[in-house]
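Observations on chain architecture
Now for the letters of each chain:
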Amino acid sequence: MDLYFDAVPLLGDARDSFRGQWSERQWLNVPGPFYGAETDNCGTGRIHAPGLVLYEADYFTEYVYRQPRNPEELRQLVDAAQQEVFGGYGCDGDSHWTPASVREWWRERRRVVEYLADRRADWEADDAKAGQGVAAAALEYTAYIEGGLASHLRVYLFWLEERRSPAATDRLPVL
């Protein structure tokens, strides 16, 4: 069973770099504490956190497609947030996501998969995005949605309900 990595308390002073507003978050963000909202379009997120950040196709804004699972990934996301000039990353998702909203996001996940598939050719053709592996990351995000994300979201649901990581004997909520 996966353990929940509660990254937010580890932010310390870096929390000041996360000024994004929940009401402005990208719909493509995976549920969890971190998200991209009104970010710039300079394309720095994947430079610092390539396994966590992806770009929205129309305006090249950044969003979190995989939540950090360890201190190193958290450091990468902090670096991405600190380089984002608009301060558009947020870290207060735990205050907004509910079990019902996570389940709703999961029910609508095909919308994300279709969006990623529809934009892949554009990303491959765009040198700036292709150079950062955006098309490949879109495939990774799709594979994550179709693979391990369900398990991670069940652990996140448990954390939202219990505010602790599940133990081996705990029963995970239904997604």
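The preceding data block contains the structure.
Presented here is a report on the structure given in the accompanying data block. Given the structure is predicted, the values throughout are model-derived calculations rather than measurements. (Residues numbered from 1 in each chain as written. Predicted model: local features only at pLDDT ≥ 70, side-chain atom pairs only at ≥ 80, totals over all residues. Heavy atoms only, no water.)

**Overview of the overall build of the chain**
Put simply, the rule reads: Helix and strand assignments come from DSSP, with helices taken as H or I runs of at least 4 residues and strands as E runs of at least 2, each series counted from the N terminus. Using C-alpha atoms as the atom set, the radius of gyration is obtained and then compared with a globule rule of 2.2 Å times the number of residues to the power 0.38. Relative accessibility decides the category of a residue: with a 1.4 Å probe and only protein chains considered, values under 20% of the type maximum give buried, values over 50% give exposed, and everything between is partly exposed.
Broken down by element type, the chain carries seven helices and four strands. A globule of 175 residues ought to have a C-alpha radius of gyration of about 16 Å, and the chain, at 15 Å, matches this closely. By its C-alpha atoms, the chain is 50 × 35 × 30 Å across when sized along the principal axes. Relative to its full complement of 175 residues, the chain shows a buried share of 51%.

**Structural notes on the packing of helix 4 (residues 109-125) against helix 6 (residues 134-146)**
We count it as follows: Between N-to-C directions, angles span 0 to 180 degrees; the directions come from axes that are lines fitted to C-alpha atoms, helices contributing only their stretch in contact. Should an angle fall under 35 degrees it is called roughly parallel, over 145 degrees roughly antiparallel, and 65 to 115 degrees roughly perpendicular, with every other angle called oblique. Two helices crossing with the near one rotated counterclockwise from the far one by less than a right angle form a left-handed crossing, whereas a clockwise rotation gives a right-handed crossing. In this description, contact between two residues means that some pair of their heavy atoms is separated by no more than 4.5 Å. Each residue is assigned to one of three groups, with Ala, Val, Leu, Ile, Met, Phe, Trp, Tyr, Cys and Pro labelled nonpolar, Asp, Glu, Lys and Arg labelled charged, and all others, Gly among them, labelled polar.
Look at helix 4 against helix 6: their axes get within 9 Å of each other, and the N-to-C directions meet at 160°. The angle between helix 4 and helix 6 places the two elements in the roughly antiparallel class. Note that helix 4 runs across helix 6; the crossing there is left-handed. Facing helix 4, whose interface residues are R109, R110, V112, V113, L116, R120, W123 and E124, helix 6 presents V134, A135, A138, L139, Y141, T142, I145 and E146. Per-class residue counts for the contact of helix 4 with helix 6 are ten nonpolar, one polar and five charged.

**Considerations on helix 7 (residues 149-162)**
Threshold: Take the residue count of a helix, subtract one, and multiply by 1.5 Å to get its expected span.
With 14 residues, helix 7 extends 20 Å between its outermost C-alpha atoms, agreeing within 8% with the 20 Å of an ideal straight helix rising 1.5 Å per residue. Burial in helix 7 covers these residues: L149, L153, V155, Y156, L157, F158, W159 and L160. In this fold, the buried residues of helix 7 make contact with helix 3 (99-107) and helix 6. Just downstream of helix 7 lies R163, where phi reads positive at about 55°.

**Notes on the nonpolar core**
As a reminder of what qualifies: Nine residue types can take part in a nonpolar core, namely buried Ala, Val, Leu, Ile, Met, Phe, Trp, Tyr and Cys, and a core is a set of them joined through side-chain atoms within 4.5 Å.
Counting residues in each nonpolar core, the largest one holds 38 residues, and the members touching the most others are L54, V102, W105, L116, W123, Y141 and L149. Broken down by secondary-structure element, the contributors of at least two residues to this core are strand 2 (53-55), helix 3, helix 4, helix 6 and helix 7. Top contributing element to this core by residue count: helix 7, with eight residues. If we ignore the near neighbours within four places in the chain, the residues touching L149 are V30, W105, W106 and Y144. Among the nonpolar cores identified, the runner-up in size contains 18 residues, and F18, V64, A80 and Y89 belong to it.

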